[in-house]
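As a plain string of letters, each chain reads:
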Amino acid sequence: KQDIKKKEEAVAKGINLHASKKHCMYISRVIKNKNIDRAISEISDVIKMKRPIPFKGEIPHRSIPGMMSGRYPVNASKQVIYVLKALKGNALVNGLDLEKTRIYYASASWASRPAKKGGMRFKRTNLVLKAKELAPKEAKK
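What you see is a predicted model, and the numbers here were worked out from it, not measured in a lab.

1. Points about the overall build of the protein chain
Consideration 1: Along the protein chain, the regular secondary structure elements total three helices and five strands.
Consideration 2: Its helices and strands taken in sequence order, the protein chain reads β-α-α-β-β-α-β-β from the N to the C terminus.
Consideration 3: C-alpha extents for the protein chain along the principal axes are approximately 60 × 40 × 20 Å.
Consideration 4: Every one of the 141 residues in the protein chain was classed for burial, and the buried ones make up 37%.
Consideration 5: By sequence separation, contacts in the protein chain at least 24 residues apart represent 69% of the contacts at least 6 residues apart.
Consideration 6: Working note: accessible area of the protein chain is about 9100 Å², and carbon and sulfur atoms make up 51% of it.

Quick look at the structure:
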């Protein structure tokens, strides 16, 4: 048998996700510095319309303490959960301890946007998530 070399970090990329870049950007901001399982449960609450994602701009206010305005980006949340589950699998394969592992990098960027009928464009987003084991003092809750 070969020795399984423990890796430093786990990476998951969502390429050409059928979601708004702005929605993915705000979701990324919410899941950053969180445990993978906690991030999945919080985004699941967004799909169930239980927890809004904080947005900026002229958006209706939400009655959540500490949140000014927010929305429930359900479609983007479904796509992000898919990538989060891939990240969790990669963390397990790389030998990371899921309790200590935190998402330290979450970035959304434009993907190629194919043309629709009439010259409009579809929304497409690339999402990159990176997680690594952090010492207890570094880990934020």
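Continuing now.
2. Structural notes on the environment of Val 83
Consideration 1: Position of Val 83 among the secondary structure elements: in helix H3 (residues 74–93).
Consideration 2: Classification of Val 83 as buried rests on a relative accessible area of 3%.
Consideration 3: Excluding anything up to four places from it in sequence, Val 83 contacts Ala 12, Lys 13, Gly 14, Leu 17, Leu 127 and Leu 129.

3. Some remarks on the packing of helix H2 (residues 36–47) against H3
Consideration 1: At a minimum axis separation of 9 Å, H2 and H3 run at an interaxial angle of 165 degrees. Here H3 runs roughly antiparallel to H2, going by the angle between their axes. Note on packing geometry: the crossing formed by H2 with H3 is left-handed. Residue-level inspection shows Ile 36, Asp 37, Ala 39, Ile 40, Ile 43, Ser 44, Val 46 and Ile 47 of H2 in contact with H3, the latter providing Val 74, Ser 77, Lys 78, Ile 81, Leu 84, Lys 85, Leu 87, Lys 88 and Ala 91.
Consideration 2: Grouping the constituent residues of the contact of H2 with H3 by class yields 11 nonpolar, two polar and four charged.

4. Looking at the sheet that holds strand E5 (residues 125–133)
Consideration 1: Pairing within the open sheet is antiparallel, and its three strands lie in the order E1-E5-E4. Every interior strand has two partners, whereas the edge strands, strand E1 (9–17) and strand E4 (101–110), have only one. For this sheet, the mean angle separating the axes of adjacent strands, direction not counted, is 10 degrees.
Consideration 2: Across nine bridges, E4 lies against E5 in antiparallel orientation. Paired with Ile 103 across the strands is Ala 131, a residue of E5.
Consideration 3: Lying on the sheet, H3 is in contact with E1, E4 and E5; it crosses E1 at an angle near 150 degrees.

5. A short note on a positive patch on the surface
Consideration 1: The grouping of Lys 22, Arg 71, Lys 116 and Lys 123 at the surface amounts to a positive patch.
Consideration 2: Counting through the fold element by element, Arg 71 comes out in strand E3 (residues 70–71).
Consideration 3: According to the relative accessible area criterion, Arg 71 is partly exposed, its value standing at 36%.

6. Re the side chain of Ser 77
Consideration 1: By the secondary structure assignment, Ser 77 is in helix H3.
Consideration 2: Setting aside its immediate chain neighbours within four residues, Ser 77 contacts Ile 27, Ile 43, Val 46 and Ile 47.

7. Comments concerning the packing of aromatic side chains
Consideration 1: In this structure the tally under the stated criterion is one aromatic pair.
Consideration 2: Geometrically, the ring pair formed by Tyr 26 and Phe 55 is tilted, given 4.5 Å between the ring centres and 40 degrees between the ring planes. Of this pair, Tyr 26 sits in helix H1 (residues 21–31) while Phe 55 sits in the loop between strand E2 (53–54) and E3, and the two are 29 residues apart along the sequence. The burial state of Tyr 26 is the same as that of Phe 55; both residues are buried.

Definitions and cut-offs
- Residues numbered from 1 in each chain as written.
- Predicted model: local features only at pLDDT ≥ 70, side-chain atom pairs only at ≥ 80, totals over all residues.
- Heavy atoms only, no water.
- Helix = DSSP H or I, 4+ residues; strand = E, 2+ residues; numbered from the N terminus.
- Buried < 20%, exposed > 50% of the residue type's maximum accessible area, 1.4 Å probe, protein only.
- Contact = heavy atoms within 4.5 Å.
- Areas by Shrake-Rupley, 256 points an atom, 1.4 Å probe, with all protein chains shown as cover.
- Axes fitted to C-alpha atoms, helices over the stretch in contact; angles between N-to-C directions.
- Parallel < 35°, antiparallel > 145°, perpendicular 65-115°, else oblique.
- Left-handed = near helix turned anticlockwise from the far one by under 90°.
- Nonpolar A, V, L, I, M, F, W, Y, C, P; charged D, E, K, R; others polar.
- Pairing = 2+ DSSP bridges.
- Patch = residues over 30% accessible without salt bridge, like charges linked within 9 Å, V, L, I, M, F, W, Y side chains within 5 Å.
- Salt bridge = Lys/Arg side-chain N within 4 Å of Asp/Glu carboxyl O.
- Lys, Arg positive; Asp, Glu negative; His and termini not counted.
- Charge placed at Lys NZ, Arg CZ, Asp CG, Glu CD.
- Phe/Tyr/Trp six-rings, centres within 6.5 Å; stacked < 30°, edge-to-face > 60°.

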